[in-house]
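Fold and contact review
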There are 2 protein chains.
Amino acid sequence: MTTDTTVLDGLDFPVPALAVGDDVADLLFRQARTIGTFTDQPVTDEELAAVYDLIKWGPTAINTTPLRLLVVRTPEARQRLAAHVNDGNRDRVLAAPVTLVVASDPGFHQHIPTLAPHMSALADALDPQTEQREQMARMNTLIQFGYLIVGLRAAGLDAGPMAGLDTAGVDAEFFAENGWQSQLIINVGHREGEGTSYPRAARLDYEQVSLTV
Amino acid sequence: MTTDTTVLDGLDFPVPALAVGDDVADLLFRQARTIGTFTDQPVTDEELAAVYDLIKWGPTAINTTPLRLLVVRTPEARQRLAAHVNDGNRDRVLAAPVTLVVASDPGFHQHIPTLAPHMSALADALDPQTEQREQMARMNTLIQFGYLIVGLRAAGLDAGPMAGLDTAGVDAEFFAENGWQSQLIINVGHREGEGTSYPRAARLDYEQVSLTV
């Protein structure tokens, strides 16, 4: 990395330049915002597949990649989902071009022979360990959730991630058969105007979040 | 997004192009690998600060951003950390240019008046809810862990994320005073040669991980 002349608040040294351009840093992080208001422009299955095809390469423990996506499109499915989200989030779920329920798959271990052939024996060993599988699936799905937010932005899409759902209700509504466990939801589309009425919130400085030993 | 002619395995439609170039998609995801063998090139505090300065903008619930970093540099600190990682990971921790212990801060709520001023009252409400704070901190730290992996790569650094540590032991060793809770570790540096002797592992297709309703 080369060094530019930027000096950050709270840091008394110049910050090195990144390996990606400012346009990319802006698109993925700096100028990206959590979006609440979308245009009518649709989001296609092809676009979502392209996002997944990018972020599937992100690292997870033993390459388990347990993130699963419920893509909620139809008015009927939207209503079924909206019944299980908090009041403050309901209108956004009903209005977004598409909503993703990001879920974890505690049955991920069945794919270990494909995803981590050198660890195939783990598939049988994990089979009776339901609680450990649920925890592993949840942990690695959350890591993949981070990749997914970046991937949506890398595809030129805007994301409105939300917690605040009755996960047990969502699971009973949609995942009774496949056993997936809902974690979070993301409204996806293209921002209308600024897409949010909130000012950009502050962040902690590097020196507030790090210790060096 | 425009459409190019790529056809993915398992998909019967062309995949739309991303909003970032192939060089960026390769750097952040497609060609990136989990690295085990690093050159001697150091990783500076300035580089790590630049990474954090990028990924701090990624969304978390109520902007809590509870990820914290222990930057392990000195031979003595390395030995203290290595004593708490699995046998198979120990040599890598001792050899990496720098190792990050990614931790969550259950005391994140103290920063809510700064990070989410419109939710300031939550700081007091969460104060007695230790278990809920630990869970919120862990969940959002894992999401930020995903951003961090992308951010390290965006800074031209290679990452070797690892689970397999005695988190209670690490917490007692390093976090007795500040109450941080270790989650995962990442060796950071520049890859030596390929940086790994493992072949690229398979991933599931979009159609295997998604359902549309």
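Residues numbered from 1 in each chain as written. Chains lettered and ligands numbered in written order. Predicted model: local features only at pLDDT ≥ 70, side-chain atom pairs only at ≥ 80, totals over all residues. Heavy atoms only, no water.

- Taking an unreviewed UniProt entry as the reference, chain A is identified by name as Malonic semialdehyde reductase belonging to Cellulomonas edaphi.

**Section: the side chain of R133 of chain A**
Residue and element names in this part refer to chain A.
- Relative to the helices and strands, R133 resides in helix α7 (residues 130-154).
- With no salt bridge to any partner, buried R133 finds its closest opposite charge in D127, at an N-O distance of 4.8 Å.
- At a separation of 2.9 Å, a polar atom in the side chain of R133 contacts the main-chain carbonyl oxygen of L126.
- Setting aside anything within four residues of it in sequence, one finds R133 in contact with P106, G107, F108, H109, L126 and D127. (Helix = DSSP H or I, 4+ residues; strand = E, 2+ residues; numbered from the N terminus. Buried < 20%, exposed > 50% of the residue type's maximum accessible area, 1.4 Å probe, protein only. Lys, Arg positive; Asp, Glu negative; His and termini not counted. Salt bridge = Lys/Arg side-chain N within 4 Å of Asp/Glu carboxyl O. Polar contact = N/O pair within 3.5 Å; in protein donor to acceptor, adjacent residues only side chain to side chain. Contact = heavy atoms within 4.5 Å.)

**Observations concerning the relation of the copies chain B and chain A**
- At an RMSD of 0.0 Å, chain B and chain A line up after a rotation of 180° and a shift of 0.0 Å along the axis. Both copies of the chain, as the preceding transformation shows, are related through a two-fold rotation axis.
- Mapped onto chain A, 100% of the interface residues of chain B again fall at the interface, so both copies present the same surface. (Least-squares fit on C-alpha atoms with pLDDT ≥ 70 in both.)

**A short note on helix α2 (residues 45-55) of chain B**
- In terms of burial, α2 of chain B is largely enclosed, as nine of its 11 residues are buried.
- Looking only at α2 of chain B, the buried set comprises E47, L48, A49, A50, V51, Y52, D53, L54 and I55 of chain B.

**With respect to the nonpolar core**
- Counting residues in each nonpolar core, the largest one holds 80 residues, and the members touching the most others are I186 of chain A together with I186 of chain B.
- Excluding anything up to four places from it in sequence, I186 of chain A contacts V98, T99, L100, V102, F145, L148, I149, L152, A159, G160 and P161 of chain A. (Core = buried A, V, L, I, M, F, W, Y, C linked by side-chain atoms within 4.5 Å.)

**Here's the deal with the UniProt feature "domain: Nitroreductase" (unreviewed entry) in chain A**
- The feature "domain: Nitroreductase" (unreviewed entry), as given by UniProt, occupies residues 30-190 of chain A in the numbering adopted here.
- Its end C-alpha atoms 17 Å apart, residues 30-190 of chain A is made of 45% helix and 17% strand. (UniProt positions renumbered as here; feature names shortened; annotations may be inferred.)

**Concerning the packing of aromatic side chains**
- Scanning the model with the defined rule gives eight aromatic pairs over all chains in all.
- Relative to F175 of chain A, the ring of F174 of chain A has its centre 6.5 Å away and its plane inclined at 50°; by these criteria the two rings are tilted.
- By relative accessible area, F174 of chain A is classed as buried at 12%.
- Note on F175 of chain B and W180 of chain B: the rings are 5.5 Å apart at their centroids and 50° apart in plane angle, and the pair reads as tilted.
- Every member of this aromatic cluster is reached through a ring pair, and the members are F174, F175 and W180 of chain A. (Phe/Tyr/Trp six-rings, centres within 6.5 Å; stacked < 30°, edge-to-face > 60°.)

**Things to note about empty space enclosed by the protein**
- In total, this model carries one cavity of 30 Å³ or more according to the counting rule given.
- When its volume is computed, the largest cavity comes out at roughly 30 Å³.
- Lining the largest cavity are L28, L54, V150 and A154 of chain A together with V20, V24, A25, L28 and F29 of chain B.
- Ranked by the residues each element gives to the lining of the largest cavity, the list is headed by helix α1 (residues 22-30) of chain B, at four residues.
- Of the residues assigned to the lining of the largest cavity, the class counts are nine nonpolar, no polar and no charged. (1 Å grid on protein atoms, 1.4 Å probe; cavity = no way out; pocket = protein on both sides within 12 Å on 5 of 7 lines; lining within 4 Å. Points joined across faces, edges and corners; volume = space filled by probe spheres on them. Nonpolar A, V, L, I, M, F, W, Y, C, P; charged D, E, K, R; others polar.)

**Considering the pairing of strand β5 (residues 158-162) of chain A**
Residues and elements named next belong to chain A.
- Within β5, five of the five residues are buried, which leaves the element mostly enclosed by the surrounding structure.
- Every second residue of β5 is oriented toward a common face, with D158, G160 and M162 on one face and A159 and P161 on the other, all of them buried.
- Here β5 pairs with strand β6 (residues 181-189) via five bridges, running antiparallel. Bridge pairing links D158 to G189 in β6. (Pairing = 2+ DSSP bridges.)

**Focus: the pattern of salt bridges**
Residues and elements named next belong to chain B.
- Tallied over the full model, the rule gives 16 salt bridges over all chains.
- Its salt-bridge partner being R30, residue D26 comes within 3.9 Å of it at the nearest N-O pair. Of the two residues, D26 and R30 both sit in helix α1, four residues apart, roughly one turn of that helix.
- Judged by its relative accessible area of 26%, R30 falls in the partly exposed class.
- Among the ionic pairs, D87 bridges to R90, the shortest N-O distance being 3.1 Å. Highlighted residues: D87 and R90, both in helix α4 (residues 87-95), separated by three residues, approximately one helical turn.
- Given the relative accessible area of 62%, D87 is considered exposed.

**Brief notes about the interface of chain B and chain A**
- At the interface, 80 residues of chain B touch 80 residues of chain A.
- Both sides of the chain B and chain A interface together cover about 7,200 Å² of buried area, and 72% of this is carbon and sulfur.
- For the pair chain B and chain A, the interface holds zero salt bridges.
- Where chain B touches chain A, the interface holds 24 residue pairs in polar contact (both at pLDDT 80 or more).
- Counting residues per element, the side of chain B that touches chain A draws most heavily on helix α7 (residues 130-154) of chain B, which supplies 12 residues. (Buried area = accessible area lost by both parts, 1.4 Å probe.)

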